[in-house]
Amino acid sequence: MRISVAADERTGVADAVVEELRRRGHEPLAHGALADGDREDWAWCSEAAARDVAEGRADQAVVCCWTGTGASIAANKVAGIRAALCADAETARGARKWNDSNVLALSLRTTSPALLEEILDGWFEGAPSDDDGDRANVEHVDEIAG
């Protein structure tokens, strides 16, 4: 799977996200501090990663900043993006299942390497729900953004 990755600084698990995605067999597309010549600010690099997903250059994205909040806000401004700030595996699993999230937002401050692996396990184990009510909620969120 091709996964766009953005971080506004190379601290915490920023580099580990890219390494872990590669280890799992994914192809990371780097933005921000992870790519030479890219604008590093969280709003710009998170938008770039989200646009990769929205425009079909990537299947999913992982966006990171100090708290993860700004990265998730910026990504969610892109039409068709459902970014979820996840601090644990169950939240990541639920974000994929009930929200059909296509962008994972992480805090560079609070995500340890061990926690990163658990969150990615939950994210990749999760699959969008086929429940009619769950699908209706996701469709409504997309309508709100439109």
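Structure's up top.
Because the structure is predicted, anything quoted here is derived from the model rather than measured.

Calculation notes
Residues numbered from 1 in each chain as written. Predicted model: local features only at pLDDT ≥ 70, side-chain atom pairs only at ≥ 80, totals over all residues. Heavy atoms only, no water. Helix = DSSP H or I, 4+ residues; strand = E, 2+ residues; numbered from the N terminus. Rg over C-alpha atoms; globule rule 2.2 N^0.38 Å. Buried < 20%, exposed > 50% of the residue type's maximum accessible area, 1.4 Å probe, protein only. Contact = heavy atoms within 4.5 Å. Areas by Shrake-Rupley, 256 points an atom, 1.4 Å probe, with all protein chains shown as cover. Core = buried A, V, L, I, M, F, W, Y, C linked by side-chain atoms within 4.5 Å. Phe/Tyr/Trp six-rings, centres within 6.5 Å; stacked < 30°, edge-to-face > 60°. Lys NZ or Arg CZ within 6 Å of the ring centre and 35° of its normal. Arc of directions from axis to C-beta. Pairing = 2+ DSSP bridges. Axes fitted to C-alpha atoms, helices over the stretch in contact; angles between N-to-C directions. Right-handed = clockwise from strand over helix to strand, strands pointing away.

> How should the overall build of the protein chain be read in this particular structure?
The number of helices and strands found in the protein chain is six helices and five strands. Across the protein chain, helices and strands are ordered from the amino to the carboxyl terminus as β-α-β-α-β-α-β-α-β-α-α. Since a compact globule built from 146 residues should have a radius of gyration of about 15 Å, the 14 Å found for the protein chain is in line with a globular shape. Here the C-alpha coordinates of the protein chain stretch approximately 40 × 30 × 25 Å along the principal axes. Counting the 146 residues in the protein chain, one finds 47% classified as buried. Taking contacts inside the protein chain between residues at least 6 apart in sequence as the whole, the part at least 24 apart equals 66%. Of the roughly 7200 Å² of accessible surface on the protein chain, a fraction of 47% belongs to carbon and sulfur atoms.

> Looking at this model, I keep getting lost on unusual backbone geometry. Mind explaining?
Most peptide bonds take the trans configuration, and most residues that are not glycine carry a negative phi. Despite not being glycine, Asp-100 has its phi angle at roughly 45 degrees, a positive value. Note on placement: Asp-100 falls in the loop between helix H4 (89-99) and strand E5 (103-107). The exposure class assigned to Asp-100 is buried, which follows from its relative accessible area of 14%.

> Please clarify how the nonpolar core should be interpreted in this entry.
As a rule of thumb, nonpolar side chains are buried together in soluble globular proteins. Of all hydrophobic cores here, the largest spans 22 residues; its most connected members are Val-17, Val-62, Leu-104 and Leu-106. Among the elements of the structure, strand E1 (2-7), helix H1 (14-23), strand E3 (60-65), H4, E5 and helix H5 (113-125) are those that each provide at least two residues to this core. In this structure Val-62 touches Ile-3, Ser-4, Val-5, Ala-6, Val-17, Leu-21, Leu-104 and Leu-106, once residues within four positions along its chain are discounted. In terms of nonpolar packing, the next biggest core, distinct from the first, is built from 16 residues, Ala-49, Val-53, Cys-65 and Val-78 among them.

> Would you mind showing me how to read the packing of aromatic side chains here?
The relation between two aromatic rings is expressed through the spacing of the ring centres and the mutual angle of the planes. Taken as a whole, this structure holds zero aromatic pairs when the rule is applied. The positively charged end of Arg-96 is found above the aromatic ring belonging to Trp-123, 5.5 Å away from the centroid.

> Which parts of the structure should I look at to understand H1?
Note that an α-helix has 3.6 residues per turn; residues three or four places apart therefore point the same way. For H1, the full list of buried residues reads Ala-14, Val-17, Val-18, Glu-20 and Leu-21. Mapping the buried residues of H1 onto a view down its axis gives an arc of 165 degrees, with all of them on the same face. Turned more than 90 degrees away from the buried face of H1, the exposed residues are Glu-19, Arg-22 and Arg-23. Where H1 is buried, its residues touch E1, strand E2 (27-32), E3, E5 and H5.

> Help me understand the sheet that holds strand E4 (residues 83-85) in this model?
What links the strands of a sheet is backbone hydrogen bonding, and the strands pair in either a parallel or an antiparallel sense. Strands sit in the order E2-E1-E3-E5-E4 across an open sheet of five strands; the sheet is parallel. The open sheet has two edge strands, E2 and E4, and neither has a second partner. With direction set aside, neighbouring strand axes in the sheet form an average angle of 20 degrees. Judged from the three bridges that link them, E4 and E5 form a sheet pairing that is parallel. Paired with Leu-85 across the bridge in E5 is Ala-105.

> Would you explain the pairing of E5 in this entry?
On a regular strand, one side chain projects to one face of the sheet and the next to the other, so that they alternate. With respect to burial, E5 is a largely interior element, five of its five residues being buried. Residues Val-103, Ala-105 and Ser-107 line one face of E5 and the alternating positions Leu-104 and Leu-106 line the opposite face, and both faces are buried. With five bridges joining them, E3 and E5 adopt parallel strand pairing. Looking at the pairing, Ala-61 lines up with Val-103 of E5. Between the parallel pair E4 and E5, the chain is carried across by H4, and the sense of this crossover is right-handed.

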